[in-house]
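Each chain, written out:
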Amino acid sequence: MSTLSLTPIDPSVDHALQAIVTGASTDATCTTDLAAGPWDFDTRPGYGPGSSMGDVIPTGAPRQGELPAAYREAGEDELDARIRAAKQTLGDRVVVLGHFYQREEVVRHADYVGDSFQLANAALEHPDAEAIVFCGVHFMAETADLLSRPEQSVILPNLAAGCSMADMADIDQVEDCWEQLADVLGPLDEADADGRVPVIPVTYMNSSAAIKGFVGRHGGIVCTSSNAATVLEWAFARGRRVLFFPDQHLGRNTAKAMGVPLDRMPMWNPRRPLGGSTAEQLEDSQVILWHGFCSVHRRFTVDQIDQARAEHPGVRVIVHPECPMEVVDAADEAGSTDYIRKAIAAATEPTTFAVGTEINLVRRLAAQYPQHEIFCLDPVVCPCSTMYRIHPGYLAWVLEELVAGRVQNRIRVTSDVADPARVALERMLAAKPR
């Protein structure tokens, strides 16, 4: 059981980082560089402070130009006031979408806050807005562009806000994988007597528009952590096996919960012939897992769960399905960001929750539900490095530019990619979570 908090909980990760840097807090962080403005790193290749050393950003990844000094030098209160003023001036001409993992100083200005599945729907629900400002990462803004009207401008406040997991499956690697699978499994568009093709491609929402276009061209579908089981059921009804990318953990955890044996889920490493498997293993497979992962959710461990249980008897452990299988198995529950939020909201008695997902959401939930004790499984303050590239300075800049009649950082997907990608997304939007 939990005790009631006597003082308000500050949901701001930035405030926590500043306290660590100044010595006002003894908490640990993965890097004190997170306390600096993201513009200090915009000109450098990479995913930003806090990213894994193993996450190598692709050549040619988008970079952000220099943010004007007025926004770099403004304090939190000034930026907050400027954002509010710009939004009031723009009115219904603009809608601001904010992902659950965005920092508090940004997400408070969002007209709609949600996970990737919810925000994909929200982009459809604002057909009259001239601009959609997407406070998230690049693949999310691409998805909003795919689903919005052609005359709507989708804006990403900082072009350097990418996603290392999305970059782990590039289109050339996926096309090569498809060709190798055809060599083993035969023509991939020929159905058997039951009407099922050899393999259905399924991509997680956390992928580029090019990957979504590939999936659309080959009879596949997009999924999110909210509807992954429903999507896999859809795919198994149409194919003898699934090629799931880019996140191995979501694919493995979802398929395992559906009864797929682990020995029928070989890994596909794009740097090895046949992905590192034998032809026999691929023929016997039910789910072929791409060798990708989320660096944030890979930080969570079984040891952290054991420590939480030792220090907080009766703790309820909830983790995201992007976590490794061992972590999901050791937790009490696993679910999408929206599942985690709803589970905490539904708890009627004061409860202690240990949550395995991005720290901005965890701290926000702790502040929103002070009757519970809510903490992040990982004690190290380390937000998603790319989500954290969206700073209120960038949001103020793109909004004030809209007030002045200028569109900055517009995200566009070319029609040759957009058309098949929309097909895959429409299939996803029709596959409602169970």
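Residues numbered from 1 in each chain as written. Predicted model: local features only at pLDDT ≥ 70, side-chain atom pairs only at ≥ 80, totals over all residues. Heavy atoms only, no water.

The name given to the protein chain in an unreviewed UniProt entry is Quinolinate synthase, with Microbacterium bandirmense as the source organism. On record in UniProt, under Catalytic activity (unreviewed entry), the comment for the protein chain is "iminosuccinate + dihydroxyacetone phosphate = quinolinate + phosphate + 2 H2O + H(+)". Quoted verbatim from the Sequence similarities (unreviewed entry) heading of the UniProt record, the comment on the protein chain is "Belongs to the quinolinate synthase family. Type 3 subfamily." (UniProt positions renumbered as here; feature names shortened; annotations may be inferred.)

Colleague: I'm lost on helix α10 (residues 228-236) in this one. Help?
Modeller: Structurally, the α-helix is built with 3.6 residues per turn, so residues lying three or four positions apart point the same way. Most of α10 sits out of view: eight of its nine residues are buried. A228, A229, T230, V231, L232, W234, A235 and F236 are the residues of α10 that are buried. On its buried face, α10 is in contact with β5 (200-204), β6 (221-223), β7 (242-245), α11 (248-257), β9 (287-290) and α18 (415-430). (Buried < 20%, exposed > 50% of the residue type's maximum accessible area, 1.4 Å probe, protein only. Helix = DSSP H or I, 4+ residues; strand = E, 2+ residues; numbered from the N terminus. Contact = heavy atoms within 4.5 Å.)

Colleague: Is there a simple way to explain the UniProt feature "binding site: [4Fe-4S] cluster" (unreviewed entry) in the protein chain in this structure?
Modeller: Taking the UniProt record as the reference, the feature "binding site: [4Fe-4S] cluster" (unreviewed entry) is found at C163, C294 and C384. Over a stretch of 222 residues, the named residues converge on one spot in the fold, their C-alpha atoms separated by at most 9.5 Å. Mapping C163 onto the fold places it in the loop between β4 (153-155) and α7 (164-167). Discounting chain neighbours no more than four positions away, the residues touching C163 are Y47, V137, F139 and T386. With respect to the helices, strands and loops of the structure, C384 is situated in the loop between β13 (373-376) and α17 (392-403). Excluding residues that lie within four positions of it along the chain, C384 makes contacts with V296 and E358.

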